[in-house]
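Coordinate analysis (summary)
Given next are the chains, with one letter for each unit.
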Amino acid sequence: MDILFWLQLIMQKRDVILTAVFSTLAALITLAAALFVCYWCHKRKRKRDTEDVEGDSPVTSSARIETSTEEKKSRLNGFLNLKTPLISTKTLGAQLETTGSPQAKSPAGSSSGALPPEARTPTAPANKALQNVKGDHPSMPFLQNRSISLVDMYIDNTEPSENVGQIHFSLEYDFQNTTLILRIIQGKELPAKDLSGTSDPYVRVTLLPDKKHRLETKIKRRTLNPRWNETFYFEGFPIQKLQSRVLHLHVFDYDRFSRDDSIGEVFLPLCQVDLSEKPSFWKALKPPAKDKCGELLTSLCYHPSNSILTLTLLKARNLKAKDINGKSDPYVKVWLQFGDKRIEKRKTPIFKCTLNPVFNESFSFTVPWEKIRECSLDVMVMDFDNIGRNELIGRILLAGKNGSGASETKHWQDMITKPRQTIVQWHRLKPE
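A few points on the structure. (Residues numbered from 1 in each chain as written. Predicted model: local features only at pLDDT ≥ 70, side-chain atom pairs only at ≥ 80, totals over all residues. Heavy atoms only, no water.)

**Some thoughts on the side chain of Thr312**
Structurally, Thr312 can be placed in strand 12 (residues 308–317). In this structure Thr312 comes out as buried when scored by relative accessible area, which is 13%. At 2.9 Å, the side chain of Thr312 forms a polar contact with the side chain of Ser362. Residues in contact with Thr312, not counting those within four places in the same chain, are Leu297, Thr298, Ser299, Glu361 and Ser362. (Helix = DSSP H or I, 4+ residues; strand = E, 2+ residues; numbered from the N terminus. Buried < 20%, exposed > 50% of the residue type's maximum accessible area, 1.4 Å probe, protein only. Polar contact = N/O pair within 3.5 Å; in protein donor to acceptor, adjacent residues only side chain to side chain. Contact = heavy atoms within 4.5 Å.)

Right under this line is the structure:
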């Protein structure tokens, strides 16, 4: 009996030992296989990456280098890139600089300071070399990927309603130091704002959308043809960042005892400018809006194939306040008209307590091609009132013949001459 007992015990222990040994071997084999698979995948990935790098074109490699450089600069600049970049100004012959948190200088005053020699003058060889490289110029992506919404917001192709003079300025870009260089040269044929028959003009410079930090030229006393010859440096602006900036030049008449009078202004989206060419501009100044009803951004599109006319109301800005709180509750009412007969009406939702609503509403109307020149769209921006009657803020008439202004008529004609294309344009609202 004892012998049988011991034999059974030995057999049980042997089974346990064999099970443990085989389990260990199986685990080791599985681990080795997993390690081999990981090694093989890693080796294949490295080989594929190497082939991709060798097969990249020079343009792609250059783009990678530029991207990494921009990322490095962004990290080095720290808060400078997160907030407003450094803006410095210089009058020809004397330099001015504003560092840290730039403030607007008094029109008659200036702050002195010296720019480092390498930041004063763009490096000519570097820019020349960049201009000679076709297809790899740093400004090319900037010119190809234009910001349509920005252009639509600030571009105005209409002629000034009155002649308020012109301004001469030039632009240049220092690619090495990522600095935009603006030279305000002169103005001519400015209107007289003083009793003496002259003005005391100066220019206020802003890089929109930043309205907080602005710079100003010196005042030129008693002249309608001022020569400023001043240079402004906007430092820390990579070429891609300038695509989202609009140069705003606003000419004022200085008055010692009252508020300065606005003479005229110019908006120039920098995404439309090839800065490598060092362009120079003569721009007609646009007079300030007198009615102050606000502006409306609309788009028109006509498809002759299905006779569909589409009006899109994108946004409005600087609407006239109609409520006691200094705001309005705007909405837009649109009438399709044939001659003096109203055919169809559409309305947007009401936007509460705002002077800058974003509508983003599209309305489609069926208009046969033979009648597209006879119809019109009466667009009215209204202020909603819970108690009294809704008030008119301003209106425009989009028509091919008798529009409410040259801008509205041209917009309609552009829509007809460019079928199936969306034509976007700002319009100044009329009080009646």
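Further notes follow.
**Regarding the environment of Val266**
Looking at the element boundaries, Val266 is found in strand 9 (residues 261–269). In contact with Val266, other than residues within four places in its own chain, are Ile167, Leu247, His248, Leu249, Lys283, Ala284 and Leu285.

**What about the sheet that holds strand 17 (residues 391–399)?**
Across the sheet, four strands lie side by side as 14-13-16-17; this open sheet has antiparallel pairing. Both edges of this open sheet fall to strand 14 (341–347) and strand 17, since each of them pairs with a single strand only. Adjacent strand axes in the sheet meet at a mean angle of 20° when their direction is disregarded. Across nine bridges, strand 13 (residues 330–338) lies against strand 16 (residues 375–383) in antiparallel orientation. In the strand pairing of strand 16, Val332 is matched with Val381. (Pairing = 2+ DSSP bridges. Axes fitted to C-alpha atoms, helices over the stretch in contact; angles between N-to-C directions.)

**Points about the pairing of strand 16**
Of all the nine residues making up strand 16, nine are buried; the element is thus mostly covered by neighbouring parts of the structure. Of the two faces of strand 16, both are covered, the one formed by Cys375, Leu377, Val379, Val381 and Asp383 as well as the one formed by Ser376, Asp378, Met380 and Met382. Two elements, strand 16 and strand 17, share eight bridges in a ladder whose sense is antiparallel. Along strand 17, the bridge assignment pairs Asp383 with Glu391.

**Re the sheet that holds strand 8 (residues 246–253)**
Backbone-to-backbone hydrogen bonds pair the strands of a sheet. The strands run either parallel or antiparallel. One open sheet accounts for four strands, arranged 6-5-8-9; its pairing is antiparallel. Either end of the sheet is taken by a strand with one partner, and the two such strands are strand 6 (215–216) and strand 9. Relative to strand 6, strand 5 (residues 201–208) runs antiparallel, the two sharing two bridges. By the bridge assignment, Val205 is partnered in strand 6 with Leu215.

**Some thoughts on a nonpolar patch on the surface**
On the surface, Ile17, Leu18, Val21, Phe22, Leu25, Leu28 and Ile29 cluster together into a nonpolar patch covering about 690 Å² of accessible area. The residue Ile17 is located in helix 1 (residues 2–55) in this model. (Patch = residues over 30% accessible without salt bridge, like charges linked within 9 Å, V, L, I, M, F, W, Y side chains within 5 Å. Areas by Shrake-Rupley, 256 points an atom, 1.4 Å probe, with all protein chains shown as cover. Salt bridge = Lys/Arg side-chain N within 4 Å of Asp/Glu carboxyl O.)

**Thoughts on the nonpolar core**
Leu171, Leu182 and Leu247 are the most contacted members of the largest nonpolar core, which totals 31 residues. Among the secondary structure elements, those contributing two or more residues to this core are strand 3 (166–174), strand 4 (179–188), strand 5, strand 7 (227–235), strand 8 and strand 9. The element that contributes the greatest number of residues to this core is strand 3, accounting for four residues. Residues within four places of Leu171 in sequence aside, it is in contact with Leu180, Ile181, Leu182, Leu247, Leu268, Leu270, Val273, Leu275, Lys278, Pro279 and Phe281. Core analysis: the next-biggest nonpolar cluster, separate from the first, contains 29 residues, Leu311, Phe359, Leu398 and Trp412 among them. (Core = buried A, V, L, I, M, F, W, Y, C linked by side-chain atoms within 4.5 Å.)

**Some thoughts on the pattern of salt bridges**
As enumerated under the stated definition, the model contains ten salt bridges in all. As a salt-bridge pair, Glu216 and Arg204 come within 2.9 Å of each other at their nearest N and O atoms. Remark: Arg204 occurs in strand 5 and Glu216 occurs in strand 6; sequence separation between them is twelve residues. What makes Glu216 buried here is its relative accessible area of 4%. The class of Arg204 is buried, set by a relative accessible area of 17%. For Lys430, the salt bridge is made with Glu408, and the minimal N-O distance between the two is 2.8 Å.

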